[in-house]
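Remarks on the overall topology
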Amino acid sequence: MSSTAVSRNPHHAGERSGDGGIGDGTGTGGARRLWSTAVSVMVGPRTLREGLYALLNLPMALFAFCFAVTALSTSVGLLITFVGLPLLCLTLVSLRAFGYVERTRAQWLLGLPVPGPRPLLAKGRRGLMEWMSAVLRSGECWRSTGYALFHLPWAVVSFSLVVSLWSAAWSALLYPLYFWLMDRSDRAGIHLDGHGGGLVWDTLAEALLVSLVGLLLLYLSGWLIRGLAMVDRLMVGGLLGPSAADARVQELESNRSVVVDTSAADLRRIERDLHDGAQARLVALAMGLGLAKEKLAEDPDAAARMVDEAHGEVKLALQELRDLARGIHPAILTDRGLGPALSALASRCTVPVMVDVDLPKRPAEAIEGITYFMVSELLQNVSKHSRARSASVDIWRTGDQLMVLVSDDGRGGADTGAGSGLAGLTERIAAVDGALAVSSPAGGPTTVTAALPWRDRPGRG
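Since we're looking at a predicted model, the values are computed, not measured. (Residues numbered from 1 in each chain as written. Predicted model: local features only at pLDDT ≥ 70, side-chain atom pairs only at ≥ 80, totals over all residues. Heavy atoms only, no water.)

1. Considerations on the overall build of the chain
When you go through the chain residue by residue, the secondary structure sums to 13 helices and seven strands. Burial statistics for the chain: of 461 residues in total, 36% are counted as buried. Nonlocal contacts in the chain, meaning residues at least 24 apart in sequence, comprise 72% of its contacts between residues at least 6 apart. With an accessible surface of roughly 26000 Å², the chain has 63% of that area assigned to carbon and sulfur atoms. (Helix = DSSP H or I, 4+ residues; strand = E, 2+ residues; numbered from the N terminus. Buried < 20%, exposed > 50% of the residue type's maximum accessible area, 1.4 Å probe, protein only. Contact = heavy atoms within 4.5 Å. Areas by Shrake-Rupley, 256 points an atom, 1.4 Å probe, with all protein chains shown as cover.)

This is the structure in structure tokens:
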């Protein structure tokens, strides 16, 4: 069925994603959810892990600060001798190793995965002078040193707040369990004036009231601990994580690996298709024509039948070569652009597909090709797996981005996990600084949105 262009705003197409509503939060279910949230904030695993991180801040920061101040002052004082510079480099490397410990602690307790630094020495480079030069030029070493020096004041604040709040909260919360043990003759209990006089909370009702105050303090301390953990995440990520330049280098290296792997896979696919398809048919064609030539004089009718069969093989071989060429780069995409190419692609889909391409001009050939093959793979998924009745493809430009939206009304459940086609598609799009998002709840619909960088076609409008 031929694809149909439609005049609708593609920016509103996301309304078809079928997002479920949020409950009204009333009644027993709402109260249960509120209580579950409160308990999670007070004593949930996240709060306990982040609280433990804050408690460990002080001993870790104190050790790092003392080591950094002592080692740096000693090495700087010895710079006039030949041992000063190697000692300074050894200090920086030791603090860099301490940064590894802190990143591991943040990953375990804060759930913050921070990439490790790049190796100090490039592969194949050795020697003391090369090592010292790499250490002194390493941003990770100096940032780890700054973290060791400036983390102590914050560690004192976070440790003190968590210890004070948790001690007060748990003491008040458990007050009904131990206030019976106090000596009643000395008016033991909680004195509101703080000096042993005035009103004393020493009855069961008053003890329960103190316990409620402790519960409130525990709830407030949970939120405070989460706020302290956010500051810790910023410090660890900013000082112990890779710099913006290093992160960009790692991203480019990863993207290069994806491009190389994709190119190799495409070459293997083309080789396999040629070997198993057109090449096999051409070999059979040559053998058939050879037999027909031998039988031409003896049995012209049999030779004619063999020539007819060879003619059929030629047609099939040509069709397979056309399909293979279309898989490498379709001629209609080169000649006429995305609109006609996607319309032709949609006409081969097993479900009706509406195509709307609203672009002021053609993008760069690389972006155009990636968009075509991305839509081709998504429509193949629609045909094979979605059980949809209809689908749509919307393409438009927003600022410096080319937006692609492919949706269908199928059964949903599209998987973006490792090993799936969508995971590979995500990696290939990320290789050109693009992004892909999938919304596919069970029961459908499925919406795939991609943002690719817009690049103008050189020398063309």
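2. Description of a nonpolar patch on the surface
Residues Val43, Leu48, Trp170, Leu174, Leu177 and Tyr178 make up a contiguous nonpolar surface patch of roughly 540 Å² in combined accessible area. Within the secondary structure layout, Leu177 lies in helix α6 (residues 175-178). For Leu177, a relative accessible area of 66% puts it in the exposed group. (Patch = residues over 30% accessible without salt bridge, like charges linked within 9 Å, V, L, I, M, F, W, Y side chains within 5 Å. Salt bridge = Lys/Arg side-chain N within 4 Å of Asp/Glu carboxyl O.)

3. What about the packing of aromatic side chains?
Applying the stated criterion across every chain, the model contains two aromatic pairs. Note on Tyr219 and Trp223: the rings are 6.3 Å apart at their centroids and 85 degrees apart in plane angle, and the pair reads as edge-to-face. Of the two residues, Tyr219 and Trp223 are both situated in helix α7 (residues 204-240); the distance of four residues between them amounts to about one turn of the helix. Where Tyr372 meets Phe373, the ring centres are 5.2 Å apart and the plane angle is 85 degrees; that geometry is what we call edge-to-face. The buried category is assigned to Tyr372, whose relative accessible area is 3%. The ring of Tyr53 carries Arg105 above its face, with NZ or CZ at 3.9 Å from the centroid. Here the guanidinium or amino end of Arg226 rests over the ring plane of Trp223, the centre of that ring lying 5.4 Å away. (Phe/Tyr/Trp six-rings, centres within 6.5 Å; stacked < 30°, edge-to-face > 60°. Lys NZ or Arg CZ within 6 Å of the ring centre and 35° of its normal.)

4. Regarding the packing of helix α3 (residues 84-110) against helix α4 (residues 128-137)
One way to put it is that α3 packs onto α4 with a least axis distance of 10 Å and a crossing angle of 55 degrees. Looking at the two axes, α3 sits oblique to α4. For the pair α3 and α4, the sense of crossing is left-handed. Where α3 approaches α4, its residues Leu85, Pro86, Leu88, Cys89, Leu90, Leu92 and Val93 are matched on the opposing element by Trp131, Met132, Val135 and Leu136. (Axes fitted to C-alpha atoms, helices over the stretch in contact; angles between N-to-C directions. Parallel < 35°, antiparallel > 145°, perpendicular 65-115°, else oblique. Left-handed = near helix turned anticlockwise from the far one by under 90°.)

5. As for helix α11 (residues 338-347)
Listed in full, the buried residues belonging to α11 are Leu338, Ala341, Leu342, Leu345 and Ala346. Down the axis of α11, the buried side of the element spans an arc of 135 degrees, and every buried residue falls inside it. Considering only its buried residues, α11 is in contact with α10 (331-336), β3 (353-358), α12 (365-386) and β4 (391-398). (Arc of directions from axis to C-beta.)

6. With respect to a negative patch on the surface
A cluster of like negative charges, contributed by Glu294, Glu298, Asp299 and Asp301, occupies part of the molecular surface. For Glu294, the location among the structural elements is in helix α8 (residues 244-295). (Lys, Arg positive; Asp, Glu negative; His and termini not counted. Charge placed at Lys NZ, Arg CZ, Asp CG, Glu CD.)

7. What to know about the pairing of β4
β4 sits mainly inside the fold: six of its eight residues count as buried. Two strands pair when backbone bridges link them, and β3 and β4 are joined in this way by six bridges, in the parallel orientation. Residue pairing across strands places Met354 opposite Ser392, the latter belonging to β4. In the classification by handedness, the crossover that spans β3, the intervening α12 and the parallel β4 is left-handed. Pairing geometry for β4 and strand β5 (residues 401-408), over eight bridges, is antiparallel. The partner of Val393 across the bridge, within β5, is Val406. (Pairing = 2+ DSSP bridges. Right-handed = clockwise from strand over helix to strand, strands pointing away.)

8. Some remarks on the sheet that holds β4
Pairing is mixed across the open sheet formed by five strands, whose spatial order is β3-β4-β5-β7-β6. Where the open sheet ends on each side, the last strands, each with one partner, are β3 and β6 (435-439). Averaged over all pairs of adjacent strands, the angle between their axes in this sheet comes to 10 degrees, without regard to strand direction. Two elements, β6 and strand β7 (residues 446-453), share five bridges in a ladder whose sense is antiparallel. Within β7, the position partnered with Val438 by the bridge is Val448. In this fold α11 packs onto β3 and β4, with an angle of close to 175 degrees to the strand it touches most, β3.

9. Notes on the packing of helix α2 (residues 45-77) against helix α5 (residues 139-173)
Interaxial distance between α2 and α5 falls to 7 Å at its minimum, and their mutual angle equals 145 degrees. Once α2 is placed against α5, the crossing between them reads as left-handed. Its residues assigned to classes, the contact of α2 with α5 shows 23 nonpolar, six polar and no charged. (Nonpolar A, V, L, I, M, F, W, Y, C, P; charged D, E, K, R; others polar.)

10. Quick look at the confidence of the model for the chain
Considering every residue of the chain, the mean pLDDT works out to 79; 76% of them sit at 70 or more. By mean pLDDT, the top-scoring element of the chain is α2 (96), and the lowest-scoring one is strand β1 (residues 190-191) (53). The model gives residues 192-198 a pLDDT under 50, and that stretch makes six contacts with residues more than four places away or in other chains. (pLDDT = per-residue confidence, 0-100.)

11. Overview of the pattern of salt bridges
By the definition in use, this model includes six salt bridges. Among the salt bridges present, the one from Arg233 reaches Glu50, with a minimum N-O distance of 2.8 Å. In this pair, Arg233 is assigned in helix α7 and Glu50 in helix α2, connecting sequence segments 183 residues apart. The class for Glu50 is buried, based on a relative accessible area of 2%. One salt bridge in this structure joins Arg389 and Asp409, with 4.0 Å as the shortest N-O distance.

12. Let's talk about the environment of Thr449
In this structure, Thr449 sits in strand β7. A residue is classified by how much of its surface remains accessible, and Thr449, at 27% relative accessible area, is partly exposed. Remark: the alpha-carbon pair of Thr449 and Val406, spanning 43 residues in sequence, is separated by 6.6 Å. Not counting chain neighbours up to four residues away, the residues in contact with Thr449 comprise Met403, Val404, Leu405, Ala435, Leu436 and Ala437.

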